[in-house]
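Overview (structure and organization)
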Amino acid sequence: EAGVAQSPRYKIIEKRQSVAFWCNPISGHATLYWYQQILGQGPKLLIQFQNNGVVDDSQLPKDRFSAERLKGVDSTLKIQPAKLEDSAVYLCASSLSRLTDTQYFGPGTRLTVL
Amino acid sequence: SQQGEEDPQALSIQEGENATMNCSYKTSINNLQWYRQNSGRGLVHLILIRSNEREKHSGRLRVTLDTSKKSSSLLITASRAADTASYFCAEEFNTDKLIFGTGTRLQVFP
């Protein structure tokens, strides 16, 4: 079974530039999550989708971050414009449904903002 | 911040020794999960313990949960160099919403 795919794996940009990350969850998984993991900390949930609807985006900085999952499969997370403090690893995870306990994580995208 | 805390922040042991990591959480949980993260395999689910359970085993892993103290511990027995990783507890307080702790960095020397 293929895992959660993410791209790119690494991205370096200058502050005030824009960046987008892509995630393809495990086939058949209805729930998709985006997490931000700052160096030395645990992952922090940014947004959660159930199919193509947003379940929770309470921790998403909506003035600069946006995410979509238009067809209920893959998803894109965008930052515009980026700030220095956005440097982090962005993890995508998926689970079979909201009632399933285990989340499966992708390898992450390491973003460096200069 | 709702983020839980783990103790110790870093732990170094020799192969064959046991490693114990502790987690303090803040919410009323449905369950508590432990994850491992290393550069090779990313973040991987290890074990889940439900709020009505006190202890759970999986291979060389033993997890305990004390809901009165809002704490959990992860014990890795007979550690191996391949166990070198960061370990995170994650509290689930709404259906499938996880809050991760700060993590323990474990180094196992051959």
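Use the structure listed above.
Notes on the structure in this doc start here. (Residues numbered from 1 in each chain as written. Chains lettered and ligands numbered in written order. Predicted model: local features only at pLDDT ≥ 70, side-chain atom pairs only at ≥ 80, totals over all residues. Heavy atoms only, no water.)

Considering the environment of R69 of chain A
Residues and elements named next belong to chain A. One can find R69 in the loop between β7 (65-68) and β8 (75-79). Apart from the residues lying within four places of it in its own chain, the contact partners of R69 are P25, H29, A30, T31, L32, F49, Q50, N51, N52, D74 and S75. In terms of polar contacts, R69 uses its side chain to reach the backbone carbonyl oxygen of H29, at 3.1 Å. (Helix = DSSP H or I, 4+ residues; strand = E, 2+ residues; numbered from the N terminus. Contact = heavy atoms within 4.5 Å. Polar contact = N/O pair within 3.5 Å; in protein donor to acceptor, adjacent residues only side chain to side chain.)

Here we look at the interface of chain B and chain A
Listed per partner, the contact involves 18 residues of chain B and 21 residues of chain A. Surface buried jointly by chain B and chain A totals about 1,500 Å² across both partners, of which 45% is contributed by carbon and sulfur atoms. At the junction of chain B with chain A, the criterion picks out zero salt bridges. Viewed at the interface, chain A and chain B are joined by one residue pair in polar contact (both at pLDDT 80 or more). At the level of elements, β4 (31-38), β5 (42-50), β9 (85-94) and β10 (97-100) of chain B are the ones that each hand at least two residues to the side of chain B that touches chain A. Tallied by class, the residues present in the side of chain B that touches chain A amount to six nonpolar, eight polar and four charged. (Buried area = accessible area lost by both parts, 1.4 Å probe. Salt bridge = Lys/Arg side-chain N within 4 Å of Asp/Glu carboxyl O. Nonpolar A, V, L, I, M, F, W, Y, C, P; charged D, E, K, R; others polar.)

Quick notes on the packing of aromatic side chains
Overall, the coordinates contain eight aromatic pairs over all chains when judged by the stated rule. Note on F105 of chain A and F100 of chain B: the rings are 6.0 Å apart at their centroids and 80° apart in plane angle, and the pair reads as edge-to-face. Of this pair, F105 of chain A sits in strand β10 (residues 104-105) while F100 of chain B sits in strand β10, which puts the two residues in different chains. Of the aromatic side chains, those joined through ring pairs into one cluster are Y33, Y35 and F105 of chain A together with Y35 and F100 of chain B. (Phe/Tyr/Trp six-rings, centres within 6.5 Å; stacked < 30°, edge-to-face > 60°.)

A few points about the nonpolar core
Among the nonpolar cores identified, the biggest contains 22 residues, and M21, L32, W34, L74, I76, Y87 and L106 of chain B are the most heavily contacted of them. Where this core is concerned, the elements lending two or more residues are β2 (10-14), β3 (19-24), β4, β5, β7 (61-66), β8 (71-76), β9 and β11 (104-109) of chain B. With residues up to four places along the chain from it excluded, the contact list for Y87 of chain B reads E6, M21, Y35, R36, L46, L74, I76, G103, T104 and L106 of chain B. Within the second largest apolar cluster, 21 residues are counted, among which are V19, F21, I47 and L60 of chain A. (Core = buried A, V, L, I, M, F, W, Y, C linked by side-chain atoms within 4.5 Å. Buried < 20%, exposed > 50% of the residue type's maximum accessible area, 1.4 Å probe, protein only.)

A few points about unusual backbone geometry
The omega torsion across S7 of chain A and P8 of chain A is -10°, close enough to zero to call that bond cis. Looking at the element boundaries, P8 of chain A is found in the loop between β1 (5-7) and β2 (10-13). Each neighbour pair has its own omega, and for Q80 of chain A with P81 of chain A the value is -5°, a cis peptide bond. Within the secondary structure, P81 of chain A sits in the loop between β8 and β9 (88-95). Non-glycine residue K70 of chain B carries a positive phi angle of around 50°. Since its relative accessible area comes to 30%, K70 of chain B is described here as partly exposed.

Let's talk about the environment of R60 of chain B
All names here are of chain B. Structurally, R60 is set in the loop between β6 (55-58) and β7. The exposure class of R60 is partly exposed, given its relative accessible area of 22%. In this structure the C-alpha to C-alpha distance between R60 and I49, which are 11 residues apart in sequence, comes to 15 Å. In terms of polar contacts, R60 uses its side chain to reach the backbone carbonyl oxygen of T77, at 3.0 Å. There is a polar contact of 2.9 Å between the side chain of R60 and the side chain of D83.

Concerning the pattern of salt bridges
Summed over the entire model, instances satisfying the criterion amount to four salt bridges over all chains. K62 of chain A serves as the salt-bridge partner of D57 of chain A, at 3.8 Å between the closest nitrogen and oxygen. A salt bridge links D83 of chain B to R60 of chain B; the shortest N-O distance between them is 2.9 Å. Of the two residues, D83 of chain B is situated in the loop between β8 and β9 and R60 of chain B in the loop between β6 and β7; the sequence distance between them amounts to 23 residues.

Examining the sheet that holds β1 of chain A
Strand pairing in a sheet relies on backbone hydrogen bonds. The paired strands run either parallel or antiparallel. All names here are of chain A. The strand order across the open sheet built from four strands is β1-β3-β8-β7, with neighbouring strands paired in antiparallel fashion. Of all strands in the sheet, those bounded by a partner on one side alone are β1 and β7. Neighbour to neighbour, the strand axes of the sheet diverge by 15° on average, direction disregarded. (Pairing = 2+ DSSP bridges. Axes fitted to C-alpha atoms, helices over the stretch in contact; angles between N-to-C directions.)

Overview of the sheet that holds β6 of chain B
Residue and element names in this part refer to chain B. Strand order in the open sheet made by the five strands is β1-β3-β8-β7-β6, with antiparallel pairing throughout. Of all the strands in the sheet, the pair left with one neighbour each is β1 (5-7) and β6. Averaged over neighbouring strand pairs, the angle between their axes works out to 15° when direction is ignored. When β3 meets β8, the two strands line up antiparallel, connected through six bridges. Bridge pairing in β8 places T20 opposite L75.

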